[in-house]
Amino acid sequence: AHMAPLDIKFNSSGTQAWITFHGSWNRDIPTGYKLSLVNFTSAGEPTEPSNSTRAAVDIVSNQDVTRCPSNCLRPVAMAIDNRGRIFMSSDSSGEIYLVTRESGSTGTNSAAPTASGAP
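Given the structure is predicted, the values throughout are model-derived calculations rather than measurements. Residue positions are given per chain, counted from 1 along the sequence in the order it is written. For this predicted model, a pLDDT threshold of at least 70 governs which residues receive local features, and a threshold of 80 or more governs which side-chain atom pairs are given and counted, while totals over whole chains, interfaces and linings are taken from all residues. To obtain the side-chain values, all non-hydrogen atoms of the structure were used and water was disregarded.

Our next topic: the pairing of strand E3 (residues 34-39). Relative accessibility decides the category of a residue: with a 1.4 Å probe and only protein chains considered, values under 20% of the type maximum give buried, values over 50% give exposed, and everything between is partly exposed. Helix and strand definitions follow DSSP, with helices as H or I runs of at least four residues and strands as E runs of at least two, each counted in order from the N terminus. For E3, the tally of buried residues reaches six of six residues, placing the bulk of the element in the interior. If DSSP finds at least two bridges between two strands, the strands pair. Note that strand E2 (residues 16-22) and E3 share six bridges and pair antiparallel. Bridge pairing links Gln16 to Asn39 in E3. Both E3 and strand E4 (residues 56-61) contribute to a ladder of five bridges, which runs antiparallel. The residue bridging Leu37 from the neighbouring strand is Val57, located in E4.

This part is about the pattern of salt bridges. Throughout this description, the term salt bridge denotes a Lys or Arg side-chain nitrogen within 4 Å of a carboxyl oxygen of Asp or Glu. Here the structure, examined in full by the defined rule, presents five salt bridges. A salt bridge links Asp91 to Arg74; the nearest nitrogen and oxygen atoms lie 3.8 Å apart. Of this pair, Asp91 sits in the loop between strand E6 (86-90) and strand E7 (96-101) while Arg74 sits in the loop between E4 and strand E5 (75-80); the two residues are 17 residues apart in sequence, bridging distant segments of the chain. Between Asp81 and Arg85 there is a salt bridge, with its nearest N and O atoms 2.6 Å apart. A residue is classified by how much of its surface remains accessible, and Arg85, at 24% relative accessible area, is partly exposed.

Within 6.5 Å between ring centres, the rings of Phe, Tyr and Trp (the latter by its six-membered ring) count as paired, and their orientation is classed by plane angle as stacked under 30 degrees, edge-to-face over 60, tilted in between. Under the definition given, this model contains one aromatic pair. Between Phe10 and Phe40, the ring centres sit 5.6 Å apart and the planes meet at 55 degrees, which makes this aromatic pair tilted. Placement of Phe10 in strand E1 (residues 4-10) and of Phe40 in the loop between E3 and E4 is noted, with a sequence separation of 30 residues between them. Judged by its relative accessible area of 18%, Phe40 is buried.

What follows is the structure, encoded as C-alpha cells:
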C-alpha cells in the first residue's frame, strides 16, 4: 500500500512532527487519508527505533476509507498557530479542520487531539 506525505510541521520545541498523508487513489482498498504524529527527543532523534511500525500515531483519519478518495477527508496542508492549534485542509471536501489538544494530554496517544471540520 502507498500513501504520500504532503505536509510536515514541527511543534515549537521540535519534539513532534505532524504529517498529512494523501491516500492512495489506485488501490482496491484505499489507504492513507490521515494526519499522523511522530515524536522526537529533545536532541531531534525519533523516539521509536528506525524499524518501528508504531512511530507514526494516527491522529485524524477516516472511519470508512472505502468512501475515499472522493467522499472523505484528504489532508493536504497545515498551519500551526501560536497556541499550538493545527488548521488542516482537505482537498476533496474543501473543508478546513481545526485540531486541538485536550487539556492535560501529552500527545502520546491517538485519543488526545480532537478535530472539527468547517465547510
